[in-house]
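Spelled out, the chains give:
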Amino acid sequence: MEKVQAKLEIERLSNELNVHNHAYYVENDSKISDFDFDQLLLKLQKLEEQFPELADENSPTKRVGGDITKKFKTIIHRFPMLSLSNSYSKEEIIEWENRIKKSIETPIEYVCELKYDGVAIGISYKNGKLDKAVTRGDGTQGEDVTTNVKTIKSIPLQLKGDFPFDFEIRGEIFFPLESFKKANEERKLNGEQEFANPRNSASGTLKSQDSKVVATRGLDCFLYGIYGEDLDRKNLTFAHYEAVLKAKDWGFKTPNPKLNYIHKTSTIEGIMDFINYWDEKRATLPFEIDGVVLKVNSYDMQQELGFTAKSPRWAIAYKFKTERVETILESVVYQVGRTGAITPVANLKSVSLGGTTVKRASLHNADQIEKLNLHYFDTVYVEKGGEIIPKIVGVNENLRKINAEKVKYILTCPICNSDLTRKEGESNHFCPNEKFCKPQISGRIEHFISRKALNIDGIGAETIDLMVSKSLIKDPADLYDLTFDQIVNLERMADKSANNILIGLRESTKIPFERVLFGMGIRFVGETVAKQLAKAFKSIEKLTAASYADLILIDEIGEKIAISVINFFLDSENKKIIERLKKAGLQFEIIEKEISSNVLDGKNFVVSGVFTKFTRDEIKKMIEDNGGKNVSSISAKTDYVLAGENMGPAKLVKATKLSIPIISEVDFLSMI
Ligand code: IVH
């Protein structure tokens, strides 16, 4: 493709992708399948690789991440990023509103907003293009996290409509609860420490050095303020509410008044209604809020009211009281996970919290227990945050019993008595006895049969525990040696259930390689990494033979994963298990799907050069499988020249002379 043509095509693809991104992430209304979206993105990526000088720094390809930031640059804020004064009682809100009424002339409009619980961000746009995204820092200067912010799909890279030429928009980046849950499920499956809460992990993610990590986490952003010296006031109708809603026309995700995320009122009653509504309904939101924010709407009035040293007089935050209850710590138990990680859990005297009865609370790790200075039978404060399991946030030391015994973290495994280990820099203790410690054995097999791995119907965690305790199984391969009699003789096992288990096991031999690989439970190899490994190496033999250098060449595989994979395949026990699973008929190589259609009906192709994904013969076969015809030389009847690397120059000249489109392997794949 000529450079001029490529430039047009890059622009066309970027616009189309921006429109689809906005429809999906801002409007919640997608008009294209994921597959088609990826194809467009791939096309753009390819063109940008071919013509790097045409690649825009705000191209939709930047959404996927990939850039590494070793150290974030410090940026001085053009407008200081102040904080809000907080209030915890409705009386304080009434006093605030009275103060305002006394200082300026009525009528006054107030804007009620949600107080998103995330990380503040200031994003500047120049001529409609995202220029810089900076964290709050100390309010005067923050860190340049532009590369990471560009991967957040609801933040526009290119604005539309009648946006101001040079302005900054501020908002809150947060972890939607759904994405938070998904991230933690994935971390659990990978044997990684789970995130403690959405707010802290959003903040941690935003400071990640690898923007690819940010791209996969599913962060989101709501915007709540527009700043600029040359803001066209006419355009923004002089007021905050109107300006924020106007930003929607420029492509931003702004709070929806129809969902009562933002509301304009002129009365204190209106303010109280908003506070009461969200105090009661906040648990129904798909993200966390820790209060509401009240602002005077008119920019002129805001200016008149001004600022104190730390915060504006024209705004105030009302913070919800987090429901916190007191109860007694009865005991601490220690759970052993599939990777040997130890999780301390507090058993509590039953107490009602946020509409549910709470009996257990997470204690996370040894440091947390130490920090709380926890003693047995202490009266503890329990809160429910974004986590499913509530947490102990403090101790009422005044009520501590005399001679109360301090909770001391265990030194040995509660199941197998092995000495626990704790690696430097890790917060969890581990039981190193991976071969013989029962919960680790059960955990590995439970992971193997789980829905996203081998999805074996009919067996649950209880049955696995029973089989392990009766020494019927000790690794996943043992499952395939089980006989009907062995299964049916287990407690509470009927003939039908035993049969179902055997059928489930047989069915699992159809599960594709990447899921078998995921099911092996290699530490840090989650679903996505397993897919990448399977795609790159195609078979277990090739993966076993892969060197560290081979592994880190693969997308998303870093040092930690590469070492874990190598160690896994060095272990002779693991090798034996794989051999036995192979004998049982499980899939240990990728079976390339046959693509066939008639989309290329009547089209003549000339294939020339060397290709990266397929051999020339494979490509020729795909052309025929999809209704096309292979011809050996270029003529006026040729529809496409499919060009790989080192295509003969004579062919190139001839194709150009006859204006025959020259397409790449990627173009061809998207055609079929
Ligand atoms: S306005 C001059 N509006 O709360 C004050 N802040 O202390 C400008 N926050 O970390 C802030 N939701 O990021 C404003 N609707 C909202 C907000 C909000 C959350 C955060 C903000 C900052 C803190 C203010």
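So, here is what we can say about the structure in this document.

1. Here we look at the sheet that holds strand S19 (residues 640-643)
Part 1: One open sheet holds the four strands; their spatial order is S18-S17-S19-S20, and the pairing between them is parallel. If you trace the sheet from one side to the other, it starts and ends with strand S18 (629-630) and strand S20 (662-663), each paired once.
Part 2: In this structure, strand S17 (residues 604-608) lies alongside S19, joined through four bridges in parallel fashion. By the bridge assignment, Val-607 is partnered in S19 with Leu-642.
Part 3: Contacting S17, S18 and S19, helix H23 (residues 616-625) runs over the sheet at an angle of about 170° to S17.

2. Some words on the packing of helix H1 (residues 3-25) against helix H2 (residues 34-50)
Part 1: Two elements in contact, H1 and H2, have axes separated by 10 Å at closest approach and are oriented at 145°. Note on packing geometry: the crossing formed by H1 with H2 is left-handed. Contact residues: H1 offers Ala-6, Glu-9, Ile-10, Leu-13, Ser-14, Glu-16, Leu-17, His-20 and Asn-21, while H2 offers Phe-37, Leu-40, Leu-41, Lys-43, Leu-44, Leu-47 and Glu-48.
Part 2: Each residue belonging to the contact of H1 with H2 can be placed in one class, and the counts come to nine nonpolar, three polar and four charged.

3. Remarks on the nonpolar core
Part 1: Counting 53 residues, the largest nonpolar core has Leu-479 and Leu-533 as the members making the most contacts within it.
Part 2: Those residues in contact with Leu-533, other than ones at most four positions away along the chain, are Leu-517, Val-525, Lys-538, Leu-543, Leu-551, Ile-557 and Val-565.
Part 3: By size, the runner-up hydrophobic cluster in this structure holds 32 residues, among which are Val-149, Ile-169, Cys-221 and Ala-243.

4. A few points about the pairing of strand S12 (residues 324-336)
Part 1: Relative to strand S15 (residues 379-383), S12 runs antiparallel, the two sharing five bridges. Residue Arg-324 lies in a different strand from S15, and its bridge partner there is Glu-383.
Part 2: Hairpin connection between S12 and strand S13 (residues 342-353): a loop of five residues separates the two successive antiparallel strands, and Gly-340 in this loop has a positive phi of roughly 90°.

5. Brief notes about the site of the ligand
Part 1: In the vicinity of the ligand lie 13 residues, with Leu-84, Glu-113, Leu-114, Glu-172 and Tyr-224 positioned nearest.
Part 2: A distance of 2.3 Å separates an oxygen atom of the ligand from a polar atom in the side chain of Glu-172.
Part 3: One nitrogen or oxygen atom from the side chain of Tyr-224 is found 2.6 Å from an oxygen atom belonging to the ligand.
Part 4: Contact with the protein chains hides 89% of the accessible area of the ligand, taken as 530 Å² for the molecule alone.
Part 5: A molecule is said to occupy a pocket when more than half its atoms come within 2 Å of that pocket's grid points, and by this definition the ligand occupies the second largest pocket.
Part 6: Looking at the shell around the ligand, the elements with two or more residues in it are strand S3 (110-116) and strand S10 (289-296).
Part 7: Ranked by residue count, the leading element in the shell around the ligand is S3, at four residues.
Part 8: The residue inventory of the shell around the ligand, partitioned by class, reads eight nonpolar, one polar and four charged.

6. Remarks on unusual backbone geometry
Part 1: The omega angle of the peptide bond from Thr-106 to Pro-107 is 0°, so this bond is cis rather than trans.
Part 2: Tracing the backbone shows Pro-107 in the loop between helix H3 (90-103) and S3.
Part 3: Backbone geometry places Asn-127, a non-glycine residue, at a positive phi of 50°.
Part 4: Take Asn-127: it is sitting in the loop between strand S4 (119-126) and strand S5 (129-135).
Part 5: For Asn-417, which is not glycine, the phi dihedral falls at a positive 70°.
Part 6: Summarising the element assignment, Asn-417 is placed in the loop between strand S16 (391-395) and helix H12 (438-449).

7. Details of the sheet that holds strand S9 (residues 262-265)
Part 1: Strand order across the open sheet formed by five strands is S2-S11-S10-S3-S9, with mixed pairing between neighbours. Either end of the sheet is taken by a strand with one partner, and the two such strands are strand S2 (86-87) and S9.
Part 2: Bridge analysis of S3 against S10 gives seven bridges, and the strand direction is antiparallel. Note that in S10 the partner of Cys-112 across the bridge is Leu-294.

8. Some remarks on the pattern of salt bridges
Part 1: On inspection of all chains with the given rule, the structure shows 36 salt bridges.
Part 2: In this structure, Lys-207 and Glu-143 form a salt bridge, with 3.4 Å as the shortest nitrogen-oxygen distance. On the criterion of sequence distance, the pair formed by Lys-207 in the loop between helix H6 (198-206) and helix H7 (211-217) and Glu-143 in strand S6 (residues 141-143) is long-range, its members being 64 residues apart.
Part 3: Here Glu-143 falls in the partly exposed class, since its relative accessible area comes to 27%.
Part 4: The partner of Glu-242 in a salt bridge is Lys-264, and the shortest N-O contact between them spans 2.6 Å. In this pair, Glu-242 is assigned in helix H8 (residues 240-249) and Lys-264 in strand S9, connecting sequence segments 22 residues apart.
Part 5: For Lys-264, a relative accessible area of 29% corresponds to the partly exposed category.
Part 6: Taken together, the shared-partner salt bridges in this structure form one network comprising Lys-474, Asp-475, Asp-478, Asp-481 and Arg-580.

Reading guide: rules and limits
Each residue is numbered by its place in its chain's sequence as written, counting from 1. Residue-level local features of this predicted model are given only where pLDDT is at least 70; pairs of side-chain atoms are given and counted only at 80 or more, and the full residue set underlies all totals for whole chains, interfaces and linings. Values shown for side chains rest on all heavy atoms present in the structure; no hydrogens or waters enter the calculation. One bridge is not enough; two strands pair if DSSP finds at least two bridges between them. Here a helix means four or more residues in a row that DSSP labels H or I, a strand means two or more in a row labelled E, and each is numbered from the N terminus. Note on contacts: a residue pair is in contact if any heavy atoms of the two residues lie within 4.5 Å. Between the N-to-C directions of two axes lies an angle of 0 to 180 degrees, each axis being a line fitted to C-alpha atoms and, for a helix, fitted only over the stretch in contact. Working rule for handedness: look at the near helix, and if it is turned counterclockwise from the far one by less than a right angle, call the crossing left-handed; if clockwise, right-handed. Residue polarity follows a fixed list, in which Ala, Val, Leu, Ile, Met, Phe, Trp, Tyr, Cys and Pro are nonpolar, Asp, Glu, Lys and Arg are charged, and the others, Gly among them, are polar. Among buried residues, those of type Ala, Val, Leu, Ile, Met, Phe, Trp, Tyr and Cys that are joined through side-chain atoms within 4.5 Å constitute a nonpolar core. Relative accessible area decides the class of each residue, using a 1.4 Å probe on protein chains only: under 20% of the type maximum gives buried, over 50% gives exposed, and in between gives partly exposed. Each residue is tested against the molecule or strand, and it is near if at least one of its non-hydrogen atoms lies within 4 Å. For this analysis, a polar contact is any N or O atom pair within 3.5 Å, provided that within protein one partner can donate a hydrogen and the other can accept it, and provided that sequence-adjacent residues contribute only side-chain to side-chain pairs. Surface accessibility in these figures is a Shrake-Rupley result with a 1.4 Å probe; residues are shielded only by whichever protein chains are displayed. Using a 1 Å grid laid over the protein atoms alone, points where a 1.4 Å probe fits but cannot get out form a cavity; open sets with protein on both sides within 12 Å along at least 5 of 7 lines form a pocket; any residue with an atom within 4 Å of a point counts as lining. Molecules are considered to sit inside a cavity or pocket once more than half of their atoms lie within 2 Å of its grid points. A pairing counts as a salt bridge when a side-chain nitrogen of Lys or Arg comes within 4 Å of a carboxyl oxygen of Asp or Glu.

In short, shape yes, function no, at least from these values alone.
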